[in-house]
Every structure is written in C-alpha cells, then in structure tokens.
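Here's the letter readout for the chains.
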Amino acid sequence: MDQSRTPYGKENRPVTVVIVGAGHRSLLYASYAQHHPDKLRVAGVVEPDPVRRKMTAERFGLEEDRCFSSVDELADKPPIADAVINGTMDDLHVKTTIPLLEAGYDVLLEKPIATSEENMMELYRTAEKAGRTVMICHVLRYAPFYRAIREVVGSGEIGDIVNIQTAEHVSYHHMAVSFIRGKWNSQEKCKSSMLMAKCCHDLDILSWMAGSAPKKVSSFGSLMQFKPANAPQGAGTRCLADCAIEEQCPYSARKHYIDQGRWGFYVWENTHLGAELSHDQKLESLRTDNPYGRCVWHCDNDVVDHQSVIVEFEDGSTATHNMVGATSRACRTIHIVGTKGEVTGVLEDGSFTVRHPDPRKGHEYSERRVSVNVTDDSHGGGDLLLVEDFVRVLQGNEPSISCTSLEKSIYGHQIGFAAERSRLETRTVEIGGIQSFV
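So, here is what we can say about the structure in this document. (Residues numbered from 1 in each chain as written. Predicted model: local features only at pLDDT ≥ 70, side-chain atom pairs only at ≥ 80, totals over all residues. Heavy atoms only, no water.)

Where charged atoms from two side chains of opposite charge approach closely, those side chains can pair. All told, the structure shown has 25 salt bridges when counted by the stated rule. A salt bridge links E284 to R287; its shortest N-O distance comes to 2.8 Å. With E284 and R287 both in helix 13 (residues 279–287) and three residues apart, the pair spans about one turn of that helix. The exposure class of E284 is partly exposed, given its relative accessible area of 39%. A residue is classified by how much of its surface remains accessible, and R287, at 35% relative accessible area, is partly exposed. Close ionic contact of R360 with D358 constitutes a salt bridge, the shortest N to O distance being 2.7 Å. Among the residues examined, D358 registers a relative accessible area of 7% and is labelled buried. Connected through salt bridges with shared partners, the residues E168, K198, D202 and R332 form a single ionic network. (Salt bridge = Lys/Arg side-chain N within 4 Å of Asp/Glu carboxyl O. Helix = DSSP H or I, 4+ residues; strand = E, 2+ residues; numbered from the N terminus. Buried < 20%, exposed > 50% of the residue type's maximum accessible area, 1.4 Å probe, protein only.)

Below, the discussion takes up the packing of helix 10 (residues 194–210) against helix 15 (residues 406–425). Relative orientation of the contacting elements helix 10 and helix 15 amounts to 125°, with a least axis distance of 8 Å. Judged by the angle between their axes, helix 10 and helix 15 are oblique. Taken as a pair, helix 10 and helix 15 cross one another with a handedness that is right-handed. On helix 15, the residues touching L195, M196, C200, L203, D204 and S207 of helix 10 are K408, S409, Y411, G412, H413, I415, G416, F417 and A419. In terms of residue class, the contact of helix 10 with helix 15 is built from eight nonpolar, five polar and two charged. (Axes fitted to C-alpha atoms, helices over the stretch in contact; angles between N-to-C directions. Parallel < 35°, antiparallel > 145°, perpendicular 65-115°, else oblique. Left-handed = near helix turned anticlockwise from the far one by under 90°. Contact = heavy atoms within 4.5 Å. Nonpolar A, V, L, I, M, F, W, Y, C, P; charged D, E, K, R; others polar.)

The N-to-C vectors of helix 7 (residues 144–155) and helix 10 enclose an angle of 25°; their axes lie 10 Å apart at closest approach. By the angle between their directions, the pair helix 7 and helix 10 is classed as roughly parallel. Both helix 7 and helix 10 take part in a crossing whose hand is right-handed. Contacts from Y146, R147, I149, R150 and V153 in helix 7 reach I205, W208 and M209 in helix 10. Residue composition of the contact of helix 7 with helix 10, by class: six nonpolar, no polar and two charged.

This part takes up the nonpolar core. Counting residues in each nonpolar core, the largest one holds 71 residues, and the members touching the most others are Y146, M209, Y257 and F352. No other element matches helix 10, which puts ten residues into this core. In contact with Y146, other than residues within four places in its own chain, are L140, I205, W208, M209, R332, I334 and L347. (Core = buried A, V, L, I, M, F, W, Y, C linked by side-chain atoms within 4.5 Å.)

With that out of the way, let us pick up the packing of aromatic side chains. Scanning the model with the defined rule gives eleven aromatic pairs in all. Residues F145 and F352 carry aromatic rings whose centres are separated by 6.0 Å and whose planes lie at 85° to one another, so their mutual orientation is edge-to-face. Residue F145 is located in helix 7, and its partner F352 is located in strand 13 (residues 351–357); the two are separated by 207 residues in the primary sequence. Neither F145 nor F352 differs from the other in exposure class; each is buried. (Phe/Tyr/Trp six-rings, centres within 6.5 Å; stacked < 30°, edge-to-face > 60°.)

Further remarks concern the sheet that holds strand 7 (residues 161–171). Spatially, 14-13-12-11-7-10-9-8-15 is the arrangement adopted by the nine strands of the open sheet, whose pairing is mixed. The open sheet is flanked by strand 14 (365–371) and strand 15 (429–430), the only strands paired with a single partner. Lying over the sheet, helix 15 contacts strand 8 (214–222), strand 9 (306–313) and strand 15, oriented at roughly 50° with respect to strand 8. (Pairing = 2+ DSSP bridges.)

This part is about the environment of S207. Structurally, S207 can be placed in helix 10. C-alpha of S207 to C-alpha of S409: the two residues are 202 residues apart in sequence and 8.6 Å apart in space. Not counting chain neighbours up to four residues away, the residues in contact with S207 comprise S212, F313, Y411, G412 and I415.

Geometry only, nothing functional implied.
Here it is in structure tokens:
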C-alpha cells in the first residue's frame, strides 16, 4: 500500500485527494487545499482533455505520473491518495465512481448522485460492500442559513413539522447559460431532468428538514417559454450574427457574458483554470461557434422551465417545491410550519424569521429574526464548508449535522426521480424506500 494512505487520524498529515474531472465544481472544491494545505492536498488528476489536465497539474504541482486520462488508468494502479473529488458530468457519476470505490478510494461526489434510481442504488450497494465513505455535494446543507434552520427544527422549538414549502427562482441569465444554451439544456444529452440537475439540492433540503421518508409524489411542469414559437419578431439564431433585436433583448449573449462578465467559467474554455481570451476573441467566439452565443428561443433545449412538486412523507407531513425559471432575481425561499410555530426566510437575504402564536391581548404572534450574515452567494457559503466536513469525516471525527453521506442523500433523489415520472405519466407515484433496492 502507498505510504500516503496511512489510516486517517494516525498521523498529523493532510487528507489526499485525486480530482476526477477538472471542471468548475471540482476545482472549486479542490481549492480548499490551497486555503488549508495542512488539511487537504491534491495528489493527482483524472481528466481526458490534455490541456485541462496539464493546467490542473500546473496549478497543484503534480508530476506527470500523477496525471491520468481516464478513471480506469487510476483504478488499475495501487491507490495514490485517500479519496477522490468526482466532478464529472451527471451521467458519468456512477460509472466513474464504482471502480474507484472498488479500488479503495473514498469519494466526494458532485450531485446528482445518478441519473436513475436504479443506478443510484447500485452505487449505494457498491459503497456498502466496499466499506467506503461517499459524501454527496449537497452544499446547501452546509449553508449557515439552512444549517441554522435545521438546528431550530431539531430543537423542537416549532414542534412537529406539518408542512414545508420551498421554491427556487432561477434567474433569467442562469436559466439561459445552463438550461437553455448550456450543458444541462437537454435531458437526452446530459441524462438529468431540470429538476434533478438544478433542484436536487432543494429536494434534499425538504427530506433533511422533514426527517421522514417520502411516501408519495406528484408533479407538474413543462417547457413553456423558450421554444421557437415564442421567439420575438426579429430574433435570429445567434445574438451577434443575425439578430435584429439584440440591443433590446434581455437574453443577449453579449450583455450577459461580456458586458456583465457573468458565467465565464461556463462560456469561455478553461477560464476556471486561468485561461484568458481577449475582448475581440470573445466577440468572435459568440458570433461563430460558441454554443453560448445562440438565441435562447432557437436552441436544442428540451428541459422544463417551470415545475411544481408535491410530497407526502411517511409521518403524514407534506411539502411542496416550486422551480421557476427565468426570474428577475435568483433566490431560494423556505417556509416550515410546525405544530408550535414556523420558520420562514430567503437564503439570499442572509436571515430567517421564527414565529410563534401569541394570543395575548393586542398580539397575534411573536417573532425573532436570525441573521447568518451570508448574502449574495448562490450556495449560501456552503461550498467549502462541505469539503471541510468531508476532511473531518475521513480523519475519523464525528460528522456534522449537515453531513451529506450517501445514505442520507438518497431520499431527496427519490423524490426527484418520482417527480419526473409523475410529470411524464400524469399520476401520483409511490416511493418504496431504500430497502426495496437493497
């Protein structure tokens, strides 16, 4: 066995990881090693793109023999690290994780776990058999906003949960870059529904807060806005090539990706690794072959742009989640009603309110505001807190209240898979629970 794999906690050394898929998310998680080199060290990279592989190696000071073009290359060798950070695309998660579990690696796996319930449970069974730790990148659990709400719920202050209402409003520019022009715009291509690609975070929050297994799910939604029939008069096929209304259009690729400088890590190749393009190169890219330069009404997108989910849990409580695409402001909301009180708040506001009935004369309810001082962060500050907990768990410490272990992350995914079946088959779907797959 490689000496770098001395059992966790037996010596004062950082946990070592291999980056699998050198994309934006995995590099973000791996950046924890740059902030805390005493706790985490990147020991290798698996990346089929030679340019991206080389740039990642340079960033983390990796020798050539620690760089691999495929998971099979890594799995065929004795383990070179304690764990992997798997940031591959959705439909690659299971097929790239299973051989690494069998090779002896623990795994921090980007969400969604899998693109089908059957594959998810195959991964679960493999992890159990191999005795390896798998944590899922449900980073919202680590956001101070949601963690503090979960602590209020766990304390019993609002009693037993009766109903949970959550919503995610996906901003117009996020909707355009990811789910109309981008990598997750087609279930046929990426194999994930819009709900699973974007809202498995929120469905995980539902099940985490409820503390009960989901029993029944119904769902409704469709692609309503972004299709050719709805294109405004004068719209072309590419914003900077043949569009007569580009200057007035709120979805102008030039406005989003050049003037506003948004979403560069998606739009411009390898910018998350330090690559740079000139202003003119960016304009030419959007004008010609860059998929992010396409008109939002003339793309090959087929995922929904709005969807509603209704859940009944085993304990009788209920929940709803609404995903609404192309809103003016991005935000996530939550409202939990219990038998003794309620909690309500907006993630991006960095605070929530706890209310209780107050029947005293002149009163209706009492309330207190809880501030978590994290605003303007799409994941509420949870990204690197997730990695910190992963490191702590591998070092043998007690997992936090937010721990996103594989077995604790399955219920939210079951809701998502059932919701998509319900939407497509126009029926209520019953969920059999984990045991039905084991």
